[in-house]
Amino acid sequence: MTIETLSTNRSFGGTQGVYAHDSAETGTRMTFSVFVPDHAPGAKLPVIWYLSGLTCTHANVTEKGEFRRACAELGLIFVAPDTSPRGEDVPDDPAGAYDFGLGAGFYVDATQPPFAKHYRMRSYIEYELPELVADNFPVDMTRQGIMGHSMGGHGALTISLRNPGRFRSTSAFAPIVAPSKVPWGHKALGGYLGTDQAAWREYDACALIDGGVRLPDLLVDQGEADNFLAEQLKTHLLEEACARAGQKATIRMQPGYDHSYYFISTFMAEHLAWHADRLK
């Protein structure tokens, strides 16, 4: 698979690039960003996949995530894909709402028309993009970590849980932990997958943990001043699921922090150091 380089910039002794390619999974042009620290010729570096939240593209974390200094110091490649397919033929929310359709792929493979043709973000993130990145960047695919924010936190948790052993480290900022039990999830999973909630379980972190799937470890930060916490995120459900299952997890409530990149960027370097320790 070939990629087009849209831009490159030097930053913190590394290269921040933005790239595009034609996706076989989504049937659209997809854009993603990659930060590669300077490294010895021939060296392979561990890779962190970062999945963004509702309304975002690759650009939000690339421009506001403040990850490059830490990635350069720790020797981590940082990959940030888009959150949905895009293009003239890609269906959107009929009402133009922000929480479904464009910018809101929820990292699922849709089964319902008209979304099933293009909304295949699960397969794009789990298979197509990793193959593309492995072919074009100096990544060590035996040392992968995954993280995400909000809808992307949901994506990071569920992708890691569904692929045991693939990711040595998993973390999230303000993740949707139980989409089967919140309005965002009901709208997205119902719209993409249909009304049979049995089909939703593989996209629900709490349901996967209750079903017996485990991670080596887990780090979650959640702002106590997050206006989505009570209705949409319900972090306590993840705490309860991990406690029931004996799943090792550090789940931290951060006083005063909201849902924004001011929150994410505050704890980004700490998360990356946590990943680096597990990717050595």
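To start, this report covers the structure provided alongside it. This one's a predicted model, so the numbers in the text were calculated from it and none came from an experiment.

About the cut-offs
- Residues numbered from 1 in each chain as written.
- Predicted model: local features only at pLDDT ≥ 70, side-chain atom pairs only at ≥ 80, totals over all residues.
- Heavy atoms only, no water.
- Pairing = 2+ DSSP bridges.
- Helix = DSSP H or I, 4+ residues; strand = E, 2+ residues; numbered from the N terminus.
- Axes fitted to C-alpha atoms, helices over the stretch in contact; angles between N-to-C directions.
- Buried < 20%, exposed > 50% of the residue type's maximum accessible area, 1.4 Å probe, protein only.
- Polar contact = N/O pair within 3.5 Å; in protein donor to acceptor, adjacent residues only side chain to side chain.
- Contact = heavy atoms within 4.5 Å.
- Core = buried A, V, L, I, M, F, W, Y, C linked by side-chain atoms within 4.5 Å.

Across the sheet, which stays open at both edges, the 9 strands sit in the order β1-β2-β3-β5-β4-β6-β7-β8-β9 with mixed pairing between neighbours. Two strands close off the open sheet at either side, each with one partner strand: β1 (4-11) and β9 (250-254). Neighbour-to-neighbour, the strand axes of this sheet turn through a mean angle of 20°, independent of strand direction. Direction of pairing for strand β8 (residues 219-223) relative to β9: parallel, over a ladder of 5 bridges.

Once that is clear, we can look at the side chain of D82. Inspection of the secondary structure assignment puts D82 in the loop between β5 (77-81) and α3 (121-136). With a relative accessible area of 5%, D82 lands in the buried category. Here the side chain of D82 touches R86 through a polar contact of 2.7 Å, side chain to side chain. Not counting residues up to four positions away in its chain, the partners in contact with D82 are M30, T31, C56, T57, H58, Y107 and M121.

This paragraph deals with the nonpolar core. In terms of nonpolar packing, the biggest core is built from 66 residues, with F32, F78, Y192, M268 and L272 touching the most fellow members. When residues in this core are grouped by element, the largest group, 8 residues, is from helix α9 (residues 261-279). Residues L157, I209, L218 and I251 belong to the second largest nonpolar core, which totals 17 residues.

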